[in-house]
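# Observations on the three-dimensional arrangement
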Amino acid sequence: MQKQNLVILGSTGSIGHSTLSVIEHNSDKYHAFALVGGKNETMFVQCVKFQPHFAALDDENAAKVLREKLASHHIKTEVLAGQKAICELAAHPDADQVMASIVGAAGLLPTLSAV
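Our subject in this report is the structure included herewith. (Residues numbered from 1 in each chain as written. Predicted model: local features only at pLDDT ≥ 70, side-chain atom pairs only at ≥ 80, totals over all residues. Heavy atoms only, no water.)

## A few points about the state of the cysteines
A full pass over the atoms with the stated rule returns zero disulfides. Counting only cysteine sulfurs, C87 is the nearest neighbor of C47, a cysteine outside any disulfide, at a range of 19 Å. In this structure C47 comes out as buried when scored by relative accessible area, which is 0%. (Disulfide = S-S within 2.5 Å. Buried < 20%, exposed > 50% of the residue type's maximum accessible area, 1.4 Å probe, protein only.)

## Looking at the environment of H31
Within the fold, H31 resides in strand 2 (residues 30-36). Look at H31 and you get buried, because its relative accessible area is 19%. C-alpha separation for the pair H31 and L80, spaced 49 residues apart in sequence, amounts to 19 Å. Leave out the neighbours within four places in its chain, and H31 touches K3, Q4, N5, L6, F50, Q51 and H53. (Helix = DSSP H or I, 4+ residues; strand = E, 2+ residues; numbered from the N terminus. Contact = heavy atoms within 4.5 Å.)

## With respect to helix 3 (residues 60-72)
Given a rise of 1.5 Å per residue, 13 residues ought to cover 18 Å, and the 18 Å separating the end C-alpha atoms of helix 3 matches this to within 8%. Of the surrounding secondary structure, the elements contacted by the buried residues of helix 3 are helix 2 (40-50), strand 3 (54-57) and strand 4 (78-81). Capping the start of helix 3 is the job of one residue whose side-chain oxygen sits 3.3 Å from the backbone nitrogen of N61: D59. Residue H74 follows helix 3 closely and has a positive phi angle near 60 degrees. (Expected span 1.5 Å × (residues − 1). Polar contact = N/O pair within 3.5 Å; in protein donor to acceptor, adjacent residues only side chain to side chain.)

## Description of the pattern of salt bridges
Inspection of every chain in the model, using the stated rule, returns four salt bridges. Where E60 meets R67, a salt bridge forms, and the shortest distance between an N and an O atom there is 3.8 Å. For R67, a relative accessible area of 32% gives the class partly exposed. (Salt bridge = Lys/Arg side-chain N within 4 Å of Asp/Glu carboxyl O.)

## Some thoughts on the environment of S113
Structurally, S113 can be placed in helix 5 (residues 108-114). Considering only alpha carbons, one finds S113 and E88, 25 residues apart in sequence, at a separation of 7.3 Å. The contact partners of S113, leaving out residues within four places of it in the chain, are C87, A90 and A91.

## What to know about the sheet that holds strand 4
Pairing is parallel in the open sheet, where five strands are placed in the order 4-3-2-1-5. Among the strands making up the open sheet, the edge pair consists of strand 4 and strand 5 (97-100). Across the sheet, the axes of successive neighbouring strands diverge by a mean angle of 25 degrees, strand direction being ignored. Where strand 2 meets strand 3, three bridges bridge the pair, whose relative direction is parallel. Counterpart to V36 in the pairing with strand 3 is A56. Docked against the sheet, helix 1 (residues 14-25) engages strand 1 (4-9), strand 2 and strand 5, running at close to 165 degrees with respect to strand 1. (Pairing = 2+ DSSP bridges. Axes fitted to C-alpha atoms, helices over the stretch in contact; angles between N-to-C directions.)

Here it is in structure tokens:
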């Protein structure tokens, strides 16, 4: 059976942490395909641990810092920035499932993109 590719919108929050725990304990079934979050240091730790294909932050400067830090640790995760990139990840053709856990209005467009 092929692993399910998951996009986690809000990976740095409590629901995102819980979803990553499920992935960690079921790594034969699930892969963290893309992580979207708001806390740069937490995103770095998650990218090192789960090696997603993509990571995205809303803020371009935070994304730049994450991109540089991951590159210095030889992590190949592609880091994107901005609402448009987040929506594109939510609708990515290789995504099998999307966990939508971005709070409030900020999560509306990415969730609609996933639908």
